[in-house]
Amino acid sequence: MKKRYVFLLIFLLTGMVMFFSNPKEQTHRDAVSKEIMSALSEEKDQIEQKGNLAGVMMNNLNDDVFKLMVTPMVKNAVIREDYVVFSLTRLKLGAIDRRVGIGLFGKVFIAPQVKTTIKDNIQQYFK
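Every chain's residues receive numbers from 1 upward, in the order its sequence appears when written. Selection of residues for local features in this predicted model requires a pLDDT of at least 70, selection of side-chain atom pairs for listing and counting requires 80 or more, and totals for whole chains, interfaces and linings are taken over all residues. Excluding hydrogens and water, the side-chain values take into account all heavy atoms of the structure.

## Observations concerning the environment of Glu43
Of note, Glu43 is situated in helix H2 (residues 25-50). Here the alpha-carbon distance between Glu43 and Lys119, two residues 76 residues apart in the chain, equals 6.5 Å. Residues contacting Glu43, with those up to four places away along its chain left out, are Lys119, Ile122 and Gln123. Secondary structure follows DSSP: runs of H or I at least 4 residues long count as helices, runs of E at least 2 residues long count as strands, and numbering of each begins at the N terminus. The contact definition used throughout considers only heavy atoms, calling two residues in contact when any of these lie within 4.5 Å.

This is how it looks when you write it as structure tokens:
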């Protein structure tokens with residue numbers, strides 16, 4: 001009988017911790033923004049190394065410029081779906097509407113496919 005109460009107590013405490021540490025919408029936006037900025041920076045470095053016209057153009061773009069481009073888009077495109085003890089990150093860009101992350105225990109985890117997709121799109125553009 002005591003095992004049942006211990007299990008119930010642990011279950012309830014875990015649920016309370018998850019409820020109070022469920023990330024807010026801004027945390028979801030910051031996580032998506034961080035992934036996009038990271039992908040842009042990595043692709044910028046690769047394009048600059050090629051030494052072509054695109055590399056010269058990208059040379060003038062720094063992280064501040066990327067942030068100015070990414071922040072308004074992320075503000076309008078990222079939506080938090082709240083499920084009380086956890087939340088999902090939705091990225092809505094025009095007709096594309098995808099769940100790209102999950103928020104648990106105060107952290108937001110973004111799927112690695114987001115970064116890969118961004119890099120693939122940039123590479124296609126600069127071919």
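## Thoughts on the packing of aromatic side chains
Two rings from Phe, Tyr or Trp (for Trp, the six-membered ring) form a pair when their centres are within 6.5 Å of each other. A pair whose planes differ by under 30 degrees is stacked, one over 60 is edge-to-face, and the rest are tilted. Counting across every chain of the model gives three aromatic pairs. Aromatic pair Phe19 and Phe20: ring centres 4.9 Å apart, planes at 75°, arrangement edge-to-face. Judged by relative accessible area, Phe20 falls into the exposed class, the value being 65%. Measuring from centroid to centroid gives 5.2 Å for Tyr83 and Phe86, while their planes differ by 15°, and the two rings are stacked. Each residue is assigned to one of three classes by its accessible area relative to the maximum for its type, calculated with a 1.4 Å probe on protein chains only: buried under 20%, partly exposed between the two thresholds, exposed over 50%.

## Quick look at the pairing of strand E1 (residues 78-82)
Every other side chain in a regular strand lies on the same face of the sheet, so the side chains alternate between the two faces. Summarising the sheet, E1 and strand E2 (residues 87-93) pair through five bridges and their orientation is antiparallel. Paired with Val78 across the bridge in E2 is Leu91. What sits between the antiparallel neighbours E1 and E2 is a turn of four residues, in which Val84 has the positive phi angle 70°. For two strands to be treated as a pair, DSSP must find at least two bridges joining them.

## Description of the sheet that holds strand E4 (residues 107-110)
Whenever strands of a sheet pair, they do so through backbone hydrogen bonds, lying parallel or antiparallel. Here four strands make up an open sheet; going across it, the order is E1-E2-E3-E4 and the pairing antiparallel. Of all the strands in the sheet, just E1 and E4 have a single pairing partner and so form its edges. Neighbour to neighbour, the strand axes of the sheet diverge by 30° on average, direction disregarded. Comment: axis = line fitted to C-alpha atoms, over the contacting stretch for helices; angle = value between 0 and 180 degrees taken between N-to-C directions.

## Comments concerning the nonpolar core
If you look at the biggest cluster of nonpolar residues, it comprises 19 residues, and the most contacted ones within it are Val32 and Ile36. Broken down by secondary-structure element, the contributors of at least two residues to this core are H2, helix H4 (63-77), E4 and helix H5 (112-125). Per-element accounting of this core gives the leading share, seven residues, to H2. Once residues within four sequence positions are removed from consideration, Val32 is found in contact with Val74, Val78, Thr89, Leu91, Val100 and Ile110. Here, nonpolar core refers to any group of buried Ala, Val, Leu, Ile, Met, Phe, Trp, Tyr and Cys residues whose side-chain atoms link them within 4.5 Å.

## Here we look at the layout of surface pockets
The volume enclosed by the largest pocket comes to roughly 490 Å³. Among the elements of the structure, H2, H4, E2, strand E3 (96-104) and H5 are those that each provide at least two residues to the lining of the largest pocket. Per element, the largest residue contribution to the lining of the largest pocket is six residues, and it comes from H5. Classifying every residue of the lining of the largest pocket gives 12 nonpolar, three polar and two charged. The distinction between a cavity and a pocket rests on a 1 Å grid over the protein atoms alone: a 1.4 Å probe fits inside a cavity but cannot get out, while a pocket stays open yet meets protein on both sides within 12 Å along at least five of seven lines, and a residue with an atom within 4 Å of a point counts as lining. Grid points are joined across faces, edges and corners, and a volume is the space filled by probe spheres set on the points. Only Asp, Glu, Lys and Arg are considered charged in this grouping, and only Ala, Val, Leu, Ile, Met, Phe, Trp, Tyr, Cys and Pro are considered nonpolar; every other residue, Gly among them, is considered polar.

That is the geometry; function is a separate question.
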